[in-house]
Every structure is written in structure tokens, then in C-alpha cells.
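# Structural description and commentary
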Amino acid sequence: MTIVGAADFVPQTRELSTLAAAAQSCRGCDLFENASRAVFGSGPVGARMMLVGEQPGDREDVAGEPFIGPAGRLLDKALNEAGLPRAPVYLTNAVKHFKFVPAERGTRRIHKTPSRTEVVACRPWLIAEMQAVEPAVVVLLGATAAKSLLGNAFRLTAHRGEVLSLPAETKPAGGRDAKVVVTVHPSSVLRGPSQAREESFRSLVSDLRFAGELLDA
């Protein structure tokens with residue numbers, strides 16, 4: 001695998017539409033070779049809350065939009081129960097291309113967790129998005145998203161329910177500091193044991209509600 005990193009492909013502008021278009025030409029790692037497209041973030045400029053997941057899934061890769069598959073539908077439900085409509089939220093992923101392995105039978109593509117090297121390679125896109133949006137609150141969904149910004153040694157389970165800070169390079173000069181909350185990725189709720197699924201979902205809702213309260217703090 002050839003990893004050069006995305007930095008050389010990220011334009012200097014912090015205009016989201018320009019960044020999204022430029023991401024389609026990124027060759028910072030080899031994931032672009034098999035994915036249909038780069039799936040950039042979605043949401044309004046100036047959104048006060050940003051949610052960061054791991055990577056696009058099969059449906060997101062085909063459609064070019066983040067969080068529209070099963071995990072996205074569960075996230076929508078959790079946001080609604082937390083009193084956070086999706087429309088004013090900016091949604092994105094730490095990695096912009098879908099990493100997968102073919103199923104043993106049929107055409108279905110099976111999600112594969114991106115490597116640490118791939119996550120680091122894609123990090124300049126995420127930082128550019130954060131500088132463009134300047135959210136007041138960032139919710140990191142799952143370990144991959146959390147480690148992408150808080151370091152590989154970060155342990156999500158040890159810091160749920162805390163208000164954290166991001167590295168200085170994630171904000172533009174003179175920009176505001178974002179409050180950070182970590183929680184599980186909605187896909188982990190779907191993959192978990194059926195008997196624990198409701199409790200996991202309620203914990204996700206609780207974390208999102210906590211993040212929402214920080215908007216008014």
C-alpha cells in the first residue's frame with residue numbers, strides 16, 4: 001500500500017464546496033482505488049455541532065452522502081430522542097473513502113476498519129472541515145474518530161461523559177475552541193448483542209443529549 005497523506009491534495013481555501021470537490025481527486029492513500037468516490041461531510045457552514053464517524057459505508061459510498069445507511073438511520077433516531085434535529089448538524093467521517101472486503105458470496109461489500117496509517121493520511125481533510133465549519137461542539141463517534149483527533153493512545157470508554165479539547169491545529173487562527181464529547185458509533189449498537197442493544201442505544205442518546213446541553217453552556 002502506498003501512503004503519501006492527503007496534505008498535498010487539500011486546497012488552502014476553507015470553502016466547503018471547494019474542499020468537497022477537491023477530495024474527489026485525493027490520492028493520499030490507496031483506498032481511493034476501490035471506492036466509488038470520496039464521501040465528504042454534509043451540513044451547513046457554521047453548524048454549531050459536528051459529528052465525526054469512522055468512514056462511509058456501502059450505501060454512503062454509492063450515494064456520496066454520509067450516514068444514510070442503517071447506522072445513519074439509527075443515528076437520526078438517537079438525535080431526535082436527544083432533542084437534536086439532524087438538519088443543523090454537520091456530519092462527516094475521519095476517513096473519506098470506503099474500505100471493504102468482498103463478501104464470500106454475492107456482491108455485498110463488507111466494511112473493514114481503516115488502519116491507523118490510513119486514518120492519519122486522511123486527517124488533513126477532517127482538520128480542513130473543522131476549520132471551515134468552526135463548530136462549538138464536536139461529537140466523536142467511535143474509537144477511530146476519537147483517535148483520529150485525540151491520538152492513538154486515547155481510550156473512548158475512559159472518557160465518556162467528559163468535556164474534552166481538540167488539538168490547536170484543528171481551528172483557524174483566531175477561531176473558537178470546540179468542546180468535545182466522545183461516544184460509541186451507532187454501528188456498534190447495531191452489531192451488539194440483541195439483549196444489550198436497547199441499553200447501548202440509550203447510552204448513545206444520553207451522550208448526544210449531554211453534547212446538546214454544551215451548546216447552551
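None of the values given here were measured: they were computed from a predicted structure.

It is worth spelling out the packing of helix α1 (residues 16-23) against helix α4 (residues 116-133) at this point. α4 packs onto α1 with a crossing angle of 165° between their chain directions and a minimal axis gap of 10 Å. The pairing of α1 with α4 is recorded here as roughly antiparallel in orientation. In this structure, α1 meets α4 at a crossing whose hand is left-handed. Two secondary-structure elements touch here, α1 through Leu16, Leu19, Ala22 and Ala23 and α4 through Trp125, Ala128, Glu129, Ala132 and Val133. Among the residues making up the contact of α1 with α4, the classes are represented as 8 nonpolar, no polar and 1 charged.

What follows concerns the sheet that holds strand β7 (residues 179-183). As summarised here, the arrangement of the 5 strands in space is β2-β1-β5-β7-β6, forming an open sheet in which the pairing is mixed. Every interior strand has two partners, whereas the edge strands, β2 (89-93) and β6 (164-165), have only one. Here strand β5 (residues 137-141) pairs with β7 via 5 bridges, running parallel. Across the sheet, Val137 pairs through a bridge with Lys179, a residue of β7.

Attention shifts here to the packing of aromatic side chains. Counted under the stated rule, the structure contains 2 aromatic pairs. Here Phe40 and Trp125 contribute two aromatic rings whose centre-to-centre distance is 6.1 Å and whose plane-to-plane angle is 90°, an arrangement assigned as edge-to-face. Within this pair, whereas Phe40 is found in the loop between α1 and β1 (49-53), its partner Trp125 is found in helix α4, the two being separated by 85 residues in sequence. Across the pair, Trp125 and Phe40 agree in class, each one buried. The lysine or arginine in question, Lys77, covers the ring of Phe201, its NZ or CZ lying 5.0 Å from the ring centre. Between the NZ or CZ atom of Arg109 and the centre of the ring of Phe100, over which it lies, the distance is 4.8 Å.

Cut-offs and rules
- Residues numbered from 1 in each chain as written.
- Predicted model: local features only at pLDDT ≥ 70, side-chain atom pairs only at ≥ 80, totals over all residues.
- Heavy atoms only, no water.
- Axes fitted to C-alpha atoms, helices over the stretch in contact; angles between N-to-C directions.
- Helix = DSSP H or I, 4+ residues; strand = E, 2+ residues; numbered from the N terminus.
- Parallel < 35°, antiparallel > 145°, perpendicular 65-115°, else oblique.
- Left-handed = near helix turned anticlockwise from the far one by under 90°.
- Contact = heavy atoms within 4.5 Å.
- Nonpolar A, V, L, I, M, F, W, Y, C, P; charged D, E, K, R; others polar.
- Pairing = 2+ DSSP bridges.
- Phe/Tyr/Trp six-rings, centres within 6.5 Å; stacked < 30°, edge-to-face > 60°.
- Buried < 20%, exposed > 50% of the residue type's maximum accessible area, 1.4 Å probe, protein only.
- Lys NZ or Arg CZ within 6 Å of the ring centre and 35° of its normal.

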